[in-house]
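Examining the three-dimensional arrangement
So you can see what is in the structure, the chains are spelled out below.
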Amino acid sequence: MHTETIIVGAGLAGLSLAAELQRQQRDYVLIEARERLGGRIFSKTLAAPAKASASLDSDSLDPSCFGSHCFDLGPTWFWPQVNPRMKQLVSDLGLGIFPQYQSGGMVIQSDTGFILRQNQSWTQNPRPMRINGGMQALIHALAAQLDHQRLRLACHLTQLELNADGVTAQCQQDGCEQTWQAQRVVIAVPPRVALRDISFTPALPKATQQQLQQLPTWMASRAKMVAVYSHPFWRDRQQSGLAISQCGPLAEIHDASPADGSKGALFAFFHWPAEQREAQQQTLKTQLTEQLVKLYGPQAGEPEALWIQDWAQEPLTAVASDLNEAPQHPSGGDQLMQGEPWQQRLLWAASECGGHNAGYLEGALEAAAACLAQIPEEQTLPMACSLP
Ligand SMILES: Cc1cc2nc3c(=O)[nH]c(=O)nc-3n(C[C@H](O)[C@H](O)[C@H](O)COP(=O)(O)OP(=O)(O)OC[C@H]3O[C@@H](n4cnc5c(N)ncnc54)[C@H](O)[C@@H]3O)c2cc1C
């Protein structure tokens, strides 16, 4: 099968690049190893969960997730004042936004478990904004712009080989090998995951490998919890929902209710590192519910839904070295020394390869835009992509 550009990874970076190539009526395929779109953008809904599907039908887009009762287990916020690409994209896609709820007091829990309730909350500046219907709404809106024939879900890129005509890509889908020939490949996969899972022939230059290895996957070691209630009951007591704990299992808890407050929801990052979470997996829900009760009172003990997403357990996001080091922002990924022989045949688009905002959603858009700028515009080939 032939195409002009293969995009590997259907997170925000890969999808936004695909949407732009689609707009320009360019020839591309988008290959995604998971059975869903979005990568680190992942939301759950109170309705029936999305069914796994290897074809891009309405199930894999989980339309139930695009109402107001959709909750983010990956990214939640963007900051329009400092994220111009996100601001523009959200506006272009016609998505509604609302500010993170921050009115009222906050709760602080010391390392010994002592609880202090404050009348004032900590307000973040610039103020984080949320998207109506959760971050997944962004993925849904981008996916709606694509020719779905060009998407391959549950399709894992394993090998890239340079040849006289461009690049040959080997993928595994449903236990079958697929081979694609393309002029170039854009890797919109966390660099460390790509280095671990994709074999390059010829090998990437040592300097490039080292640079890629030094780009930690942002948030790969983290886990997130969402608890959903019938209404945001903490607001009735002039509490913002914000809690900071130094003992855990949860470290930082925020209001995650939909804009209209028709449900109450709290999201939290864990205080415990990946190893401890794994060791205590069986009792994790019980332990964190006990902590929620201590912080918010007995109503917090009976959520309608309670989800945990441990990104450290996701091999398509995290590699072993991501788990053993302190979370740090990737830097320098926008200045990769590609070197011979791959040069323009191989481009890197994941958020970790973004500029100032590497690691963030904005970084994914920065990296995708930088790749787009390297794809020659005049080279509009006939739509040679032959899709079964
Ligand atoms: C818990 C959490 C909270 C966060 N909070 C925020 C926030 O509030 N604001 C913010 O700006 N950022 C936040 N981030 C960061 C943000 O999620 C990322 O910057 C962004 O989603 C990265 O997008 P991406 O497309 O670069 O990579 P990804 O979303 O990781 O997408 C990469 C894709 O590649 C696929 N893939 C991997 N290997 C292969 C292969 N061999 N073949 C085919 N496909 C493959 C993966 O399945 C995945 O879908 C958060 C991240 C996490 C985990």
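Every value quoted in this text rests on a predicted model; they were computed, and no experiment measured them.

Some thoughts on the side chain of Arg277
Tracing the backbone shows Arg277 in helix H8 (residues 274–279). A relative accessible area of 3% places Arg277 in the buried class. Those residues in contact with Arg277 that sit more than four places away from it in its chain are Ser221, Arg222, Ala223, Phe270, Trp272, Leu284, Asp310 and Ala312.

Some thoughts on the state of the cysteines
On inspection of all chains with the given rule, the structure shows zero disulfides. Just so you know, Cys353 is unpaired, no disulfide at all, and the nearest cysteine sulfur is the one on Cys371, 7.7 Å from it.

Some words on the nonpolar core
Ranked by size, the top nonpolar core spans 41 residues in total, and within it Leu12, Leu30, Met86 and Leu138 carry the most contacts. Those elements giving two or more residues to this core turn out to be helix H1 (12–23), strand E2 (28–31), helix H3 (84–92), strand E8 (129–131), helix H4 (136–143) and helix H11 (361–374). The element contributing the most residues to this core is H1, with seven residues. Core analysis: the second largest hydrophobic core is formed by 31 residues, Ile6, Trp180, Leu204 and Leu215 among them.

Some words on the sheet that holds strand E18 (residues 305–310)
Spatially, E7-E6-E15-E16-E17-E14-E18 is the arrangement adopted by the seven strands of the open sheet, whose pairing is mixed. Single-partner strands in this sheet number two, and they are strand E7 (115–118) and E18. Neighbour to neighbour, the strand axes of the sheet diverge by 15° on average, direction disregarded. Bridge analysis of strand E6 (residues 105–109) against strand E15 (residues 239–245) gives four bridges, and the strand direction is parallel. Residue Ile108 lies in a different strand from E15, and its bridge partner there is Ile244.

A word on the packing of aromatic side chains
The tally for this structure, following the rule as stated, stands at 13 aromatic pairs. Ring geometry for Phe71 versus Trp307: centroids 6.0 Å apart, planes at 35°, classification tilted. You can see Phe71 sitting in strand E4 (residues 70–72) and its partner Trp307 sitting in strand E18, a full 236 residues away along the chain. Look at Phe71 and you get buried, because its relative accessible area is 1%. Overall, Trp307 belongs to the buried group, its relative accessible area being 15%. Relative to Trp342, the ring of Phe200 has its centre 5.9 Å away and its plane inclined at 90°; by these criteria the two rings are edge-to-face. A residue pair is termed long-range when its members are at least 10 positions apart, and Phe200 in strand E13 (residues 199–201) and Trp342 in the loop between helix H10 (320–323) and strand E19 (346–348) qualify at 142 residues. Feature note: the residues Trp77, Trp79, Trp218, Phe267, Phe269 and Tyr360 constitute an aromatic cluster, connected by ring pairs. The ring of Phe267 has Lys224 lying over it, and the distance from NZ or CZ to the ring centre is 4.1 Å. Sitting above the plane of the Tyr101 ring, Arg235 keeps its charged end 3.7 Å from the centroid.

Criteria and cut-off values
Residues numbered from 1 in each chain as written. Predicted model: local features only at pLDDT ≥ 70, side-chain atom pairs only at ≥ 80, totals over all residues. Heavy atoms only, no water. Helix = DSSP H or I, 4+ residues; strand = E, 2+ residues; numbered from the N terminus. Buried < 20%, exposed > 50% of the residue type's maximum accessible area, 1.4 Å probe, protein only. Contact = heavy atoms within 4.5 Å. Disulfide = S-S within 2.5 Å. Core = buried A, V, L, I, M, F, W, Y, C linked by side-chain atoms within 4.5 Å. Pairing = 2+ DSSP bridges. Axes fitted to C-alpha atoms, helices over the stretch in contact; angles between N-to-C directions. Phe/Tyr/Trp six-rings, centres within 6.5 Å; stacked < 30°, edge-to-face > 60°. Lys NZ or Arg CZ within 6 Å of the ring centre and 35° of its normal.

Keep in mind these numbers describe shape, not what the thing actually does.
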